[in-house]
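# Reading the structure
Here's the letter readout for the chains.
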Amino acid sequence: MEGDDTAGPATCAAWIRGPEKRLLVVMGRARNHSCPPVIDIIEFDPKTASLSPDPLARFVIRDEEGGDPLGIAVHPSGDEFVCSTASGCRLYDLDYHNLGIKILVKDLPAIQSIGTQKCLAFSTDGLKFAVGGEDGHLRIIHWPTLNLLLDEPKAHNSFRDMDISLDSEFLVSTSTDGSARIWKIAEGVPLASLTRTADEKIECCRFSRDGTKPFLFCTGQKGNKAVTTVWDISTWNRIGYKKLMGKPISVLSISLDGKYLGLGSKDGDMCVVEVNTMSISHLSKKLHLGTPISLMEFAPKERVVISTSSQWGFKLTKLNVPADWKEWQIYLILVGLFLASLIVFYILYENSDSFWNFPLGKDQPGRFRPVAFTDSQPSDDGPW
């Protein structure tokens with residue numbers, strides 16, 4: 001699905017888990033000849049795997065607020081999000097009322113006027129927020145107190161990508177010069193630099209999300225080959241690498257359940273990789289024809305990906321991967337297993353030689369027959 005760019009092309013987007021199991025998208029749109037830059041909240045229809053043509057809410061970004069939106073990070077609660085522009089970052093609250101939504105802007109002094117931020121991300125628990133600037137400055141902030149946990153002006157030459165681990169313990173960041181660093185969030189210090197060969201550039205990075213495999217995935221160039229590498233985050237040793245798309249990668253994403261990786265190429269192709277087998281499960285060629293994909297994000301509850309590029313705006317792609325089990329399907333299976341166990345128990349009971357399962361036939365050989373006991377000595381026991 002392509003976007004209807006009546007208000008300008010989409011520059012960034014993110015999914016929101018709204019109230020009452022509603023799935024929403026917050027989308028930033030650039031200025032065009034007739035409209036200023038705006039932020040839209042749009043509802044997703046799971047039946048048609050499409051976005052509503054009309055936004056539920058729209059916020060107009062004024063010139064003094066920095067111009068076109070460049071990136072969006074949504075708090076896990078779904079109640080607020082941060083949007084970056086050329087001048088810095090602003091916080092927006094979502095006020096849900098009945099079926100409508102209001103977007104309310106709030107001051108965020110700590111990061112409001114810090115210049116262009118190329119990376120921004122909330123931790124899974126919502127207690128950490130990190131921004132990485134075009135100037136190479138890294139800031140990690142406690143949320144919502146906005147206390148600085150780490151403030152490193154020279155983290156990189158310029159940020160390329162960034163991610164926070166599932167347990168909120170580590171942050172990984174990559175630079176435009178091909179280097180990658182690991183940061184210990186609680187201590188606010190750099191922990192390690194990923195080793196690489198002289199002809200290797202590390203570009204995109206994502207931590208695993210399934211909660212069982214402590215891995216870090218990175219994409220980059222190794223000589224003239226585009227590869228995806230896997231690192232063990234307990235030792236920060238490289239486990240191996242694999243050539244997946246065979247072309248330079250512009251963006252890397254991972255689903256919230258950790259089952260799939262998403263890779264977008266610099267010429268507009270997109271593929272989805274099953275993590276367990278590290279094999280391609282979905283491939284969309286020429287999705288953003290001839291243009292680097294700048295963003296890919298998996299929907300929280302659906303096998304749908306939203307992607308953006310500078311030329312084609314946003315596109316919504318339904319993945320041809322095995323569907324997840326729905327909650328009602330799981331309950332149905334449990335009820336079926338319970339009923340099947342009752343049937344098996346009944347069959348075994350009917351065909352067993354149970355002490356309590358006395359045959360009723362008069363002359364059946366298995367019929368219980370009382371036996372008289374005699375004792376020549378008087379018994380101290382009472383009557384049976």
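Structure's up top.
What counts, and at which threshold
- Once a new chain begins, its residue numbering starts again from 1 and follows that chain's sequence as written.
- Residue-level local features of this predicted model are given only where pLDDT is at least 70; pairs of side-chain atoms are given and counted only at 80 or more, and the full residue set underlies all totals for whole chains, interfaces and linings.
- The basis for every side-chain value is the complete set of heavy atoms in the structure, and neither hydrogens nor water enter the calculation.
- At least two DSSP bridges between two strands are needed for those strands to be called paired.
- Counting from the N terminus, the helices are DSSP H or I runs at least four residues long and the strands are E runs at least two residues long.
- Each axis is a line fitted through C-alpha atoms, taken for helices only over the stretch in contact, and angles between the N-to-C directions span 0 to 180 degrees.
- Only buried residues count toward a nonpolar core. Its members are Ala, Val, Leu, Ile, Met, Phe, Trp, Tyr and Cys residues joined through side-chain atoms within 4.5 Å.
- Burial status follows relative accessibility: with a 1.4 Å probe on protein chains alone, a residue under 20% of its type maximum counts as buried, one over 50% as exposed, and anything between as partly exposed.
- Whether two residues touch is decided by their heavy atoms; if any such pair falls within 4.5 Å, the residues are in contact.
- A carboxyl oxygen of Asp or Glu within 4 Å of a side-chain nitrogen of Lys or Arg is what we treat as a salt bridge.
- Note on aromatic pairs: the rings of Phe, Tyr and Trp (six-membered ring only in Trp) are paired at centre separations within 6.5 Å, and the planes decide the class, stacked below 30 degrees, edge-to-face beyond 60, tilted for the rest.

## Some details on the sheet that holds strand S7 (residues 80–84)
Judged by pairing direction, the sheet is antiparallel, and its four strands sit side by side in the order S6-S7-S8-S9 without closing on themselves. Where the open sheet ends on each side, the last strands, each with one partner, are strand S6 (71–74) and strand S9 (100–106). On average, each strand axis in the sheet is inclined to that of its neighbour by 25°, with strand direction left out of account. Where S7 lies against strand S8 (residues 89–97), five bridges are found, and the strand directions are antiparallel. Opposite Cys-83, over in S8, you have Arg-90 as the bridge partner.

## Some remarks on the nonpolar core
Of all hydrophobic cores here, the largest spans 18 residues; its most connected members are Val-26, Ile-39, Ile-41, Ile-72, Phe-81, Tyr-92 and Ile-103. Secondary-structure elements contributing two or more residues to this core are strand S1 (10–17), strand S2 (23–29), strand S3 (38–45), strand S5 (57–60), S6, S7, S8 and S9. Ranked by residue count, the leading element in this core is S1, at three residues. Those residues in contact with Ile-41 that sit more than four places away from it in its chain are Ile-16, Leu-24, Val-25, Val-26, Pro-55, Leu-56, Ala-57, Phe-81, Leu-94, Ile-101 and Ile-103.

## A look at the pattern of salt bridges
Applying the stated rule across the entire model yields 13 salt bridges. In this structure, Lys-106 and Asp-93 form a salt bridge, with 3.5 Å as the shortest nitrogen-oxygen distance. Residue Lys-106 is located in strand S9, and its partner Asp-93 is located in strand S8; the two are separated by 13 residues in the primary sequence. Given a relative accessible area of 37%, Lys-106 falls into the partly exposed group. Put simply, Asp-269 and Lys-247 hold a salt bridge, and the shortest N to O gap is 2.6 Å.

## Some words on the packing of aromatic side chains
In this description, a pair of aromatic rings is defined by centroid distance and the angle of the planes. This structure, assessed with the given rule, holds seven aromatic pairs. Plain terms: the ring middles of Phe-81 and Tyr-92 are 5.2 Å apart, the flat faces sit at 15° to each other, and that makes the pair stacked. Of this pair, Phe-81 sits in strand S7 while Tyr-92 is found in strand S8, placing the two residues eleven residues apart along the sequence. Residue class for Tyr-92 comes out buried when judged on its relative accessible area of 2%.

## Some thoughts on the pairing of strand S14 (residues 159–164)
For S14, the buried fraction is high: five of the six residues fall into the buried class. Connecting the antiparallel pair S14 and strand S15 (residues 170–175) is a turn made up of five residues, with Ser-168 showing a positive phi of about 65°.

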